Every structure is written in structure tokens, then in C-alpha cells.
Amino acid sequence: MNTKNNIAKEFIKKSVLSLDLDNSEVMVVWCLRHWASCSISGEDPQDLFKLCREQHQLPDISSLIEEVVYGIAEGTEEKGPIGSELCNHIHYGEFKILEALCMLQNDKYEDAQLSLQGWLKAYQARNIFKILNAFAAILEKANLIIPSRRQYNSNWSTH
């Protein structure tokens, strides 16, 4: 039987472990990882973000990424919700952000909010939901659409 949980795990095993993601998904994951890595190392992430903004013709979204990364760090008990920059598989926090962005770009606001509330503390889920609304709109305007995947509606939870 293909339950929603099994569908998400299969997606992570096949597509995500090989990082077989759409360009928009890779960009979001890279942004989260880069900001998280820089916050740990003490480096300034702005130089590489400038290149990302130019490549994708985006406004300065670094403050949105920063708030999402810090919100995840404060809002979850998960270990390693965001991977390192050289990691070759997706982490739970990255998956959930992609899922929420996909839902928001498809006007599924309540689903996105419920998805975030399912793994983050209430205060951080609320803040990240608001930030991701702006982020999703900016990505959509730049034609960085998170593809609709059945896995993003799976209610996948950690092991």
C-alpha cells in the first residue's frame, strides 16, 4: 500500500538523495544551506547571495532567508534540519520549507500553515509562515516555481 508517508520517503530516497530537484528547489535549498553554514562559520553570506540575486534576477531576499534559518533553529528540536553546503541529500527542514513554498505558490495557505505547525514551535511556525508568504511571491515573480509534487502533500514526519 502506498501511504502518503511511504510516497514521501520514496521521493527522498530516489529524487532527493541524488538531488534530482528542479532549479527553483535547488536554489531554495542552497540559500538555506549557505546562510546556515555562514552563521556557523561567522562568514558574511552577502557576497554569494549577490551572485544568486543576479543569476535569478531577484531582489535582496537575504533577510528573508536569514529569518527562516534562525526561525528553524529556534523552532525545532530536530537535529540537523538544514544540511551543509556539500551535503548530497535533502534534510527534513529543507523538505518542509520546499513543501510550504509549493503550497503557498498554489494558494494552499492553510495547508502550508498546518505543515509548518506540525514540526515547528507555534511562535516560529507563525513567523516563518509569514516570511514564506513573501518569499513564495518573490520566487513566483522571478519564475522560480516550486513544482507540485505529491510528496509535498504527504505530511511526512521524521523518524
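The present account deals with the structure reproduced in this document.

**Quick word on the overall build of the protein chain**
(1) Moving on: Along its length, the protein chain carries seven helices and zero strands.
(2) Moving on: If you list the helices and strands of the protein chain from N to C, you get α-α-α-α-α-α-α.
(3) Moving on: Looking at the protein chain residue by residue over its 159 residues, the buried ones come to 48%.
(4) Moving on: In the protein chain, of all internal contacts separated by at least 6 residues, the share reaching a separation of at least 24 is 75%.
(5) Moving on: A total accessible area of about 8500 Å² is found for the protein chain, and carbon and sulfur atoms account for 49% of it.

**Quick look at the nonpolar core**
(1) Moving on: Ranked by internal contacts, the top residues of the largest apolar core, which has 43 residues, are Val28, Ile97, Leu101, Leu116, Leu132 and Phe135.
(2) Moving on: Of all the secondary-structure elements, those providing two or more residues to this core are helix H2 (23-41), helix H3 (46-56), helix H4 (62-75), helix H5 (92-105), helix H6 (109-117) and helix H7 (122-141).
(3) Moving on: It is H5 that contributes the most residues to this core, nine residues altogether.

**Focus: the packing of aromatic side chains**
(1) Moving on: Here the structure, examined in full by the defined rule, presents two aromatic pairs.
(2) Moving on: Aromatic side chains Phe95 and Tyr152 sit 5.7 Å apart centroid to centroid with 55° between the ring planes, which places their arrangement in the tilted category. Of this pair, Phe95 sits in helix H5 while Tyr152 sits in the segment after H7, and the two are 57 residues apart along the sequence. Tyr152 carries the same exposure label as Phe95, and that label is buried.

**As for unusual backbone geometry**
With glycine set apart, most residues show a phi of negative sign, and most peptide bonds adopt trans.
(1) Moving on: With a phi close to 60°, Asp107 is a non-glycine residue in the positive phi region.
(2) Moving on: Looking at the secondary structure, you find Asp107 in the loop between H5 and H6.
(3) Moving on: One non-glycine residue with positive phi stands out, namely Asn143, at about 60°.
(4) Moving on: Note on placement: Asn143 falls in the segment after H7.
(5) Moving on: Residue classification places Asn143 among the exposed residues on the basis of a relative accessible area of 64%.

**Concerning the environment of Asn23**
(1) Moving on: With respect to the helices and strands, Asn23 occurs in helix H2.
(2) Moving on: Asn23 sits in the exposed class, given a relative accessible area of 61%.
(3) Moving on: Placed 123 residues apart in sequence, Asn23 and Ile146 show a C-alpha to C-alpha distance of 8.7 Å.

How each quantity is defined
- Counting from 1, residues in each chain are numbered in the order their sequence is written.
- In keeping with the predicted nature of the model, local features appear solely for residues at pLDDT of at least 70, side-chain atom pairs appear and are counted solely at 80 or more, and the whole-chain, interface and lining totals rest on all residues.
- Side-chain metrics rest on all non-hydrogen atoms present in the structure, leaving aside hydrogens and water.
- Here a strand is any run of E in DSSP of at least two residues, a helix any run of H or I of at least four, and the numbering for each starts at the N terminus.
- For every residue, the accessible area (1.4 Å probe, protein chains only) is compared with the maximum for its type, and the residue is labelled buried under 20%, exposed over 50%, or partly exposed between those bounds.
- The contact criterion used is simple: two residues touch if any of their non-hydrogen atoms lie within 4.5 Å.
- Note on areas: these come from Shrake-Rupley sampling with a 1.4 Å probe, and a residue is covered only by the protein chains present in the view.
- Grouping buried Ala, Val, Leu, Ile, Met, Phe, Trp, Tyr and Cys residues that are joined through side-chain atoms within 4.5 Å yields what is termed a nonpolar core.
- Classification of ring pairs uses Phe, Tyr and Trp, with its six-membered ring standing for Trp, and accepts pairs whose centres are within 6.5 Å; under 30 degrees between planes counts as stacked, over 60 as edge-to-face, and the remaining range as tilted.

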